[in-house]
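Residue-level listing of the chains:
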Amino acid sequence: MGGFNLDFGDDGAKYIVSGDSISKGVIYDEVRKKYVILEDNYVSLLQNKLKGAVRNTARFGNTLLKGISNLKKDVLKEKPNIVLIEYGGNDCDFNWNEIATNPEAEHYPKTDFNMFEQMLTETVNELKNQQIIPILMSLPPLNADKYFKWVSQNDPEAERNILKWLGSVTKIYWWQERYNSTILKVSELTKTKYIDVRGAFLEHPDFTQFLCSDGIHPNREGHRIICDKVVEFVKSNYRHLLREGGAGQVAYES
């Protein structure tokens, strides 16, 4: 990280987490049948493990465009040392109701694929120009079958129409993987470090057990996996930012 001052003092660093509902800690509560905020989400767990203050600015439904416009304001106000960037899940998503209604029409993702790459690159470079360390996060894998059921709301006609447009349910996984690959590409081109969240999930033979029934949001155990991966990354790259005893894993049930 040439050019960056990594000596943040004994109090640690100031962090901003910029992202969507995953970083916000949103999970689907199976009992109450609605989305809720998980108190022990990965960002909350990190707060106890890192030296310094972690500000979570993530929002449910955030795309890169929405999130970055807010990040610019937050950076001016907070003057962070490090920004964790977690986007892509909403950016690669479609308006499934429109697809279910009219599968013959042209349908586009919320953020154009090339625009996603361009905006992510610009954001990373802008932060570096301000002597702020950007760290990218890859996307947790999704469960295509469950997500397909979720977006078609178990409506047979919607399922038929969405499948007609998709061609195959596995295309959902492939499409999200493209956006994930873009994050890795931007990381490489801009020489920016990234945290391999996707890899941490895929280490498990059945990663789907760490996702909610919607097939896309990590559940409680999934958040623990993300936290452990971030801590492992900090331990390897910025060990001095970990609190005493902060490098221990967060136990989760496999």
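Details of the structure are given in the entry above.
## Quick word on helix 8 (residues 170-189)
- Spanning 20 residues, helix 8 covers 29 Å between terminal C-alpha atoms, matching the ideal 28 Å at 1.5 Å per step.
- By the burial criterion, the buried members of helix 8 are Ile172, Trp175, Gln176, Tyr179, Asn180, Thr182, Ile183, Val186 and Ser187. End-on, the buried residues of helix 8 take up no more than an arc of 145 degrees, which puts them together on one face. Structural note: helix 8 exposes Thr170, Glu188 and Leu189 on the side pointing more than 90 degrees away from its buried face.
- A positive backbone phi angle near 55 degrees is found at lysine 191, which sits one or two residues after helix 8.

## Description of the packing of helix 5 (residues 113-129) against helix 8
- Where helix 5 meets helix 8, the axes come as close as 10 Å, and the angle between the chain directions of the two elements is 35 degrees. Taken as a pair, helix 5 and helix 8 cross one another with a handedness that is right-handed. Counted together, Phe113, Phe116, Glu117, Leu120, Thr121 and Val124 of helix 5 and Arg178, Tyr179, Thr182, Ile183, Lys185, Val186 and Leu189 of helix 8 form the full contact between these two elements.
- Looking at the contact of helix 5 with helix 8, its residues break down into eight nonpolar, two polar and three charged.

## Quick look at the pairing of strand 3 (residues 34-37)
- Pairing analysis gives four bridges linking strand 2 (residues 26-29) to strand 3, with the strands arranged antiparallel. Within the sheet, the bridge partner assigned to isoleucine 27 lies in strand 3 and is valine 36.
- The antiparallel pairing of strand 2 with strand 3 creates a hairpin that spans four residues between the two strands, and lysine 33 there sits at a positive phi of about 55 degrees.

## Describing the packing of aromatic side chains
- Across all of its chains, the model carries 16 aromatic pairs by this definition.
- On the numbers, 5.3 Å between centres and 75 degrees between planes, the contact of tyrosine 28 with tyrosine 35 is edge-to-face.
- Centroid distance tyrosine 35 to phenylalanine 60: 5.7 Å. Interplanar angle 55 degrees. Geometry classified as tilted. Of this pair, tyrosine 35 sits in strand 3 while phenylalanine 60 sits in the loop between strand 4 (52-56) and helix 3 (64-78), and the two are 25 residues apart along the sequence.
- Among the residues examined, tyrosine 35 registers a relative accessible area of 30% and is labelled partly exposed.

## Re the nonpolar core
- Counting residues in each nonpolar core, the largest one holds 37 residues, and the members touching the most others are Ile85, Trp96, Leu120, Ile162 and Ile172.
- Looking at this core, the elements with two or more residues in it are helix 3, strand 5 (82-86), helix 4 (96-101), helix 5, helix 6 (144-151), helix 7 (156-166) and helix 8.
- Here this core gets six residues from one element, more than from any other, and that element is helix 5.
- For leucine 120, the residues in contact, after removing those within four places along its chain, are Leu64, Ile85, Leu136, Ile183 and Val186.

## Thoughts on the pattern of salt bridges
- Within this structure, the stated rule accounts for nine salt bridges.
- A salt bridge links arginine 55 to aspartate 74, with the shortest nitrogen-to-oxygen separation between them at 3.9 Å. Here arginine 55 is found in strand 4, whereas its partner aspartate 74 is found in helix 3, with 19 residues between them in sequence.
- A salt bridge links arginine 198 to glutamate 177, with the nearest nitrogen and oxygen atoms 2.9 Å apart.

What counts, and at which threshold
Residues numbered from 1 in each chain as written. Predicted model: local features only at pLDDT ≥ 70, side-chain atom pairs only at ≥ 80, totals over all residues. Heavy atoms only, no water. Helix = DSSP H or I, 4+ residues; strand = E, 2+ residues; numbered from the N terminus. Expected span 1.5 Å × (residues − 1). Buried < 20%, exposed > 50% of the residue type's maximum accessible area, 1.4 Å probe, protein only. Arc of directions from axis to C-beta. Axes fitted to C-alpha atoms, helices over the stretch in contact; angles between N-to-C directions. Left-handed = near helix turned anticlockwise from the far one by under 90°. Contact = heavy atoms within 4.5 Å. Nonpolar A, V, L, I, M, F, W, Y, C, P; charged D, E, K, R; others polar. Pairing = 2+ DSSP bridges. Phe/Tyr/Trp six-rings, centres within 6.5 Å; stacked < 30°, edge-to-face > 60°. Core = buried A, V, L, I, M, F, W, Y, C linked by side-chain atoms within 4.5 Å. Salt bridge = Lys/Arg side-chain N within 4 Å of Asp/Glu carboxyl O.

Don't take any of this as a statement about function, it's just geometry.
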